[in-house]
Amino acid sequence: MKLGLMFVNSGPFSNPALLAHLAATAERCGVESMWTVEHVVIPQDYKSPYPYSTSGKIPGGEDIAIPDPLLPLAFAAAVTKKIKLATGVLILPQRHPLYVAKEVATLDVLSNGRAILGIGSGWLEEEFTSLGLDFHTRGARTDEAIKSLRALWSDAPGSSFHGKHFNFGPVKCYPKPVQKGGVPIHVGGHSPAAARRAGRYGDGFFPALAEIPKLKELFALMKTEAEKAGRDPKQIELSCMGRPRVDELKALADIGISRVVIAPPAFDAEGLTRGLEKLRDDVIAKI
C-alpha cells in the first residue's frame, strides 16, 4: 500500500517555504506521492453543489488560495528526488490538450519521470460559464482530450486528432514525457461516468472516497467497461481517499486498492514534521 498527500497546493501550502518543507519532509518519511487540486476561479456565491462534502461547499471558503496545480509540482520537483508528483485533479475539459500535453510532459522531464496526471471533468458549472465553456459537453471534451494527449505523447512523427471538440494535426509536440508510453492518466471522481471513463481510457481510477461498498460498486463498473473496450482491468491502478489507520488501509488493500491519499497532518512546518514522522513510524512502517 502506498500513501499520498492531498491538497498540497491549497490554503497555507500556497506559501513556497511551507510547500518545500512539506515536499521534502514527506519524501523523507516515505510518502509515495503528493497531489494538487485545481480551480482557476471560484465564482462568487456559486450554487453548484460541491460533491465531496455534506455542506455542498468547498472547504476553506471562496477566498482560499488555490494556485495552479502544475507549477507547485514543478517547484516540488526541484526540492525532491523520488516522490511522485500528481494532479488530483486537473479539470481537463477546461484546458486545451495541446497545452496540457506540453505542460505535463515538461513536468515529467523536470522530475525525471515522476508525473501523474489525475483528471476530472469538473462539477462547478459557474466556473465553466466564466471560461465561456459549455458545462454540459464536459464529458465529451474530457474523452477527446484524453485521446488527444495519448496522440501527442506518442512516438509518431506527427500527432493528429480529429474530433468534435478538438481538431489538430499533424503537429510535433516536444519534449515527450520521460515515462515510456506517456504520463499515466488517472481518472478521478466517484460517479458512474467516471468509472466508465477510467475503464475505457484510464491508467488509474481515483474515486475520492473510502466507503468500501461504494468503491466495490464503482470498481465493478470500471472493470466491465474495461473489458468491453478490450482492456485488462488489472492494469488500471486503483486509488482512493482515506485515513491513516492500518486496519482501514489493509481493508482497502483487500479490495485491490494500491494507493490511499490522505490530508496533510498539519498546516505549519513543526506540525508537519511531527505528523509525517508519526505517519512513517505508526503507519508506513506497518503496511
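Going by the structure above, here's the rest.
What this report covers is the structure whose coordinates are included nearby. Keep in mind that this is a model prediction, so the values were computed, not measured.

**Digging into the packing of aromatic side chains**
Right, on to step 1. A full pass over the atoms with the stated rule returns eight aromatic pairs.
Right, on to step 2. Judged by centre distance (5.9 Å) and plane angle (45°), the rings of Phe13 and Phe267 are tilted. With a gap of 254 residues between them, Phe13 in the loop between strand 1 (2-5) and helix 1 (16-28) and Phe267 in the loop between strand 10 (259-262) and helix 9 (269-282) connect regions that are remote in the sequence.
Right, on to step 3. The buried category is assigned to Phe13, whose relative accessible area is 2%.
Right, on to step 4. Ring geometry for Trp35 against Phe206: centres 5.1 Å apart, planes inclined by 70°, an arrangement best described as edge-to-face. Taken as a pair, Trp35 in strand 2 (residues 33-36) and Phe206 in strand 8 (residues 204-206) lie far apart in primary sequence, 171 residues in all. Each member of the pair, Trp35 as well as Phe206, carries the same accessibility label: buried.
Right, on to step 5. Residue placement shows Lys57 over the ring face of Tyr46; its charged tip is 4.1 Å from the ring centre.

**Here we look at the packing of helix 2 (residues 70-78) against helix 3 (residues 97-110)**
Right, on to step 1. Packing of helix 2 against helix 3 brings their axes to within 9 Å, and their N-to-C directions diverge by 10°. Overall, the two elements helix 2 and helix 3 adopt an arrangement that is roughly parallel. Of the residues in helix 3, those in contact with Leu70, Leu73 and Ala74 of helix 2 are Glu103, Val104, Leu107 and Leu110.

**Thoughts on the packing of helix 6 (residues 192-201) against helix 7 (residues 212-228)**
In helix packing, the relevant descriptors are the interaxial angle and the interaxial distance, both defined with respect to the helix axes.
Right, on to step 1. Following both chains from N to C, one finds helix 6 and helix 7 inclined at 40°, their axes separated by 7 Å at the closest point. Accordingly, the angle class assigned to the pair helix 6 and helix 7 is oblique. When you trace helix 6 past helix 7, the crossing you get is right-handed. The residues of helix 7 that touch helix 6, namely those facing Pro192, Ala195, Arg196, Ala198, Gly199 and Arg200, are Leu218, Leu221, Met222, Glu225 and Ala226.
Right, on to step 2. Of the residues assigned to the contact of helix 6 with helix 7, the class counts are seven nonpolar, one polar and three charged.

Parameters and conventions
Here the residue numbers are simple positions, counted from 1 along each chain's written sequence. Predicted model: local features are reported for residues with pLDDT of at least 70 only, side-chain atom pairs are reported and counted for 80 or more only, and whole-chain, interface and lining totals are derived from all residues. Note: side-chain values were computed over all heavy atoms of the structure, leaving out hydrogens and water. Any two of the Phe, Tyr and Trp rings considered here, Trp counted by its six-membered ring, make a pair once their centres fall within 6.5 Å; the pair's planes then place it as stacked at under 30 degrees, edge-to-face at over 60, or tilted in between. Here a strand is any run of E in DSSP of at least two residues, a helix any run of H or I of at least four, and the numbering for each starts at the N terminus. In this scheme, a residue with accessible area under 20% of its type's maximum is buried, one over 50% is exposed, and one in between is partly exposed, where area comes from a 1.4 Å probe on protein chains only. Geometrically, a lysine NZ or arginine CZ counts as sitting over a ring once it is within 6 Å of the ring centre and also within 35 degrees of the ring normal. Orientation is described by axes fitted as lines to C-alpha atoms, over the contacting stretch for helices, and by angles from 0 to 180 degrees between their N-to-C directions. Note that the term roughly parallel is reserved for angles under 35 degrees, roughly antiparallel for angles over 145, roughly perpendicular for angles of 65 to 115, and oblique for everything else. Here a residue-residue contact requires only that any non-hydrogen atoms of the pair lie within 4.5 Å. Working rule for handedness: look at the near helix, and if it is turned counterclockwise from the far one by less than a right angle, call the crossing left-handed; if clockwise, right-handed. Residue classes follow a fixed rule: Ala, Val, Leu, Ile, Met, Phe, Trp, Tyr, Cys and Pro count as nonpolar, while Asp, Glu, Lys and Arg count as charged, and any other residue, Gly among them, counts as polar.

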